[in-house]
Amino acid sequence: MGRPLFYDIIEKPATSCIVTICSVIWFVIQKKSIGYSQVGLSYDTAIEGHYWRMITSALSHISVLHLVFNMSALWSLGVVEQLGHIGLGTAYYLHYTLVLVVFSGVLVIGIYHLLIARFKIDYFRRVTAVGYSCVVFGWMTILSVKQPSSKLDLFGLLSLPISFAPFESLIFTSIIVPQASFLGHLSGILVGYAISWGLIGGMNNYWALTMLGWIIVVFVFSLKKSGAYDISFLEIESLSDASLPSVRFIGNGRTLQASAVPLSGVEVV
């Protein structure tokens, strides 16, 4: 008889929470018949200021197979939380999950921009990505560098050496799932290597909370500004200086003006 699941949940609290959140979001998407275009990230929606989609696209899955594949891989990669003795652990996992979500999303939009502006491939304007695979591929890469002796278990049936898993999985998913986002997965791998080699580092509780705070602020304000969801207590309006956004909190009549520059097909990832 195998080890009870309860013990794994206790030892992988962050992974368990993320799997639960993604599963609940998938259920809501199915229940409300939400399409990928409503939650996914594309080049056009990014330049229109829909920055909130960077988060919703990462946490959303449209098909159950897509969800099961990503969550199965993520559950196996949750071993990172159990490796505190080599400098990983739950805090490290949470800190760099934030980094992977944001940086891989920014990188893939940057690659789209290069392909569109430099090589005139307008196809990438219409590509809409959804899924947690950018983060999954990022953790595959980090674990392959930090703990190359580990194994990646998929569905409890297939076991891959973690040292080869990022590129094996990249090729495998591109062949088996034609809609899989090669560039999205590659972005996760590149950010994963940047973290592993110390090119992106220095994350601690302070910087993680600061980053999370900015993510929440940008998420709420871009969601409101895009008109995708009515946030009744928050109103964004123009002042005499059109270059600066203003924010009004309904109910107290106060208006704040920012002093910074304003935020200005489908693939599964």
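Treat the numbers as computed from the prediction; the structure is a model and nothing was measured.

Cut-off values and rules
Residues numbered from 1 in each chain as written. Predicted model: local features only at pLDDT ≥ 70, side-chain atom pairs only at ≥ 80, totals over all residues. Heavy atoms only, no water. Helix = DSSP H or I, 4+ residues; strand = E, 2+ residues; numbered from the N terminus. Expected span 1.5 Å × (residues − 1). Buried < 20%, exposed > 50% of the residue type's maximum accessible area, 1.4 Å probe, protein only. UniProt positions renumbered as here; feature names shortened; annotations may be inferred. Polar contact = N/O pair within 3.5 Å; in protein donor to acceptor, adjacent residues only side chain to side chain. pLDDT = per-residue confidence, 0-100. Contact = heavy atoms within 4.5 Å. Salt bridge = Lys/Arg side-chain N within 4 Å of Asp/Glu carboxyl O.

Regarding helix H11 (residues 182-196)
Okay, step 1: In this model H11 runs 21 Å from its N-terminal to its C-terminal C-alpha over 15 residues, within 8% of the 21 Å that 1.5 Å per residue would give.
Okay, step 2: For H11, the tally of buried residues reaches twelve of 15 residues, placing the bulk of the element in the interior.
Okay, step 3: Listed as buried for H11 are Leu 183, Gly 184, His 185, Ser 187, Gly 188, Ile 189, Val 191, Gly 192, Tyr 193, Ala 194, Ile 195 and Ser 196.

With respect to the UniProt feature "transmembrane region" (unreviewed entry) in the protein
Okay, step 1: Mapped onto the present numbering, the UniProt feature "transmembrane region" (unreviewed entry) falls at residues 12-29, 50-73, 93-116, 123-142, 154-175, 182-200 and 206-223.
Okay, step 2: Its end C-alpha atoms 34 Å apart, residues 93-116 is made of 100% helix and 0% strand.
Okay, step 3: Helix makes up 79% of residues 182-200 and strand makes up 0%, while its end C-alpha atoms are separated by 22 Å.

Let's talk about the side chain of Ser 60
Okay, step 1: When you line up the elements, Ser 60 lands in the loop between helix H5 (53-59) and helix H6 (64-77).
Okay, step 2: At a separation of 2.5 Å, a polar atom in the side chain of Ser 60 contacts the main-chain carbonyl oxygen of Thr 56.

Points about the confidence of the model for the protein
Okay, step 1: Looking at the protein as a whole, its pLDDT mean stands at 85, while 84% of the residues score no less than 70.
Okay, step 2: Overall, residues 253-264 carries pLDDT values under 50, and its contacts beyond four positions in sequence, including any with other chains, amount to 29 contacts.

Notes on the pattern of salt bridges
Okay, step 1: The final tally for this structure, using the stated rule, is two salt bridges.
Okay, step 2: We note a salt bridge from Asp 44 to Arg 125, for which the minimum N-O separation is 3.2 Å. Here the residue Asp 44 occupies a position in helix H4 (residues 43-47), and Arg 125 occupies one in helix H8 (residues 123-126), the gap between them amounting to 81 residues.
Okay, step 3: In this structure Arg 125 comes out as partly exposed when scored by relative accessible area, which is 29%.
Okay, step 4: Connected through shared salt-bridge partners, Asp 44, Asp 122 and Arg 125 make up one network.

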